[in-house]
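Results of the structural survey
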Amino acid sequence: DSDGSRGRLLAEAEAKVAAGEGEALLSQKYYGFVPISASRFASLVGRDGPDDLFSSDFTDEQLAAKLGHMGVAGQRATAPSHPG
């Protein structure tokens, strides 16, 4: 997002949600071709939104709070190191 379009779309989405217009489509299409509602975009892109489950900047405690409900059955005993 080198041109800042994601930030502008997020600001537009959050403003629409705050105004009770979360189901309204954003003025630009996501990735240039995907029509998306303000509430869905804010949920996906907004920091700590309902769909923000895998951000690389969460602390271990935040990840545990978000993903702790998932089971661990079937996981390998040792996991390869992960940069994130």
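The following paragraphs examine the structure supplied in this document. (Residues numbered from 1 in each chain as written. Predicted model: local features only at pLDDT ≥ 70, side-chain atom pairs only at ≥ 80, totals over all residues. Heavy atoms only, no water.)

**Some words on the nonpolar core**
We apply this condition: The definition of a nonpolar core used throughout is a set of buried Ala, Val, Leu, Ile, Met, Phe, Trp, Tyr and Cys residues joined through side-chain atoms within 4.5 Å. Three labels apply to residues, based on accessible area from a 1.4 Å probe with only protein chains included: buried if under 20% of the type maximum, exposed if over 50%, partly exposed otherwise in between. A run of H or I in DSSP counts as a helix once it spans at least four residues, and a run of E counts as a strand once it spans at least two, with each numbered from the N terminus. Only heavy atoms matter for contacts: two residues are in contact if any of them lie within 4.5 Å across the pair.
Listed in full, the 10 residues of the largest apolar core are L9, L10, A13, L26, Y30, I36, A38, F41, A42 and V45. The set of elements that each furnish at least two residues to this core consists of helix 1 (5-18) and helix 2 (38-45). In terms of residue count, the dominant contributor to this core is helix 2 (4 residues). If near-sequence neighbours (up to four positions away) are discounted, A42 is found in contact with L10, A13 and E14.

**Re the environment of K16**
Looking at where K16 falls in the secondary structure, it is placed in helix 1. Discounting chain neighbours no more than four positions away, the residues touching K16 are E21, G22, A24, L25, L26 and A38.

**Observations regarding the packing of helix 1 against helix 2**
For any two helices packed against each other, one specifies the inter-axial angle together with the distance between the axes. Test applied: Helix axes are fitted only over the stretch in contact, all axes being lines through C-alpha atoms; the angle between N-to-C directions runs from 0 to 180 degrees. When describing relative orientation, an angle under 35 degrees is termed roughly parallel and one over 145 degrees roughly antiparallel, while 65 to 115 degrees is termed roughly perpendicular and anything else oblique. Crossing chirality is assigned from the near helix's rotation relative to the far helix, an anticlockwise turn below a right angle marking it left-handed and a clockwise turn marking it right-handed. Following the grouping adopted for this structure description, the nonpolar residues are Ala, Val, Leu, Ile, Met, Phe, Trp, Tyr, Cys and Pro, the charged ones are Asp, Glu, Lys and Arg, and the polar ones are all others, Gly among them.
Two elements in contact, helix 1 and helix 2, have axes separated by 8 Å at closest approach and are oriented at 125 degrees. Relative to helix 2, the element helix 1 lies oblique. The hand of the helix 1/helix 2 crossing is left-handed. On the side of helix 1, the interface is formed by R6, L9, L10, A13, E14, K16 and V17, while helix 2 contributes A38, S39, F41, A42 and V45. Per-class residue counts for the contact of helix 1 with helix 2 are 8 nonpolar, 1 polar and 3 charged.

**Some remarks on helix 1**
Rules: The span expected for a helix works out to 1.5 Å for each residue beyond the first. As used here, the arc is the angular range of directions from the helix axis to the C-beta atoms.
Along its 14 residues, helix 1 runs 20 Å from first to last C-alpha, staying within 8% of the 20 Å computed at 1.5 Å per residue. Those residues of helix 1 that sit buried are S5, L9, L10, A13 and K16. Around the axis of helix 1, the buried residues are gathered within 130 degrees of arc, so they sit on the same side. The elements touched by buried residues of helix 1 are helix 2. Phi for G20, located one or two positions after helix 1, is positive at around 80 degrees.

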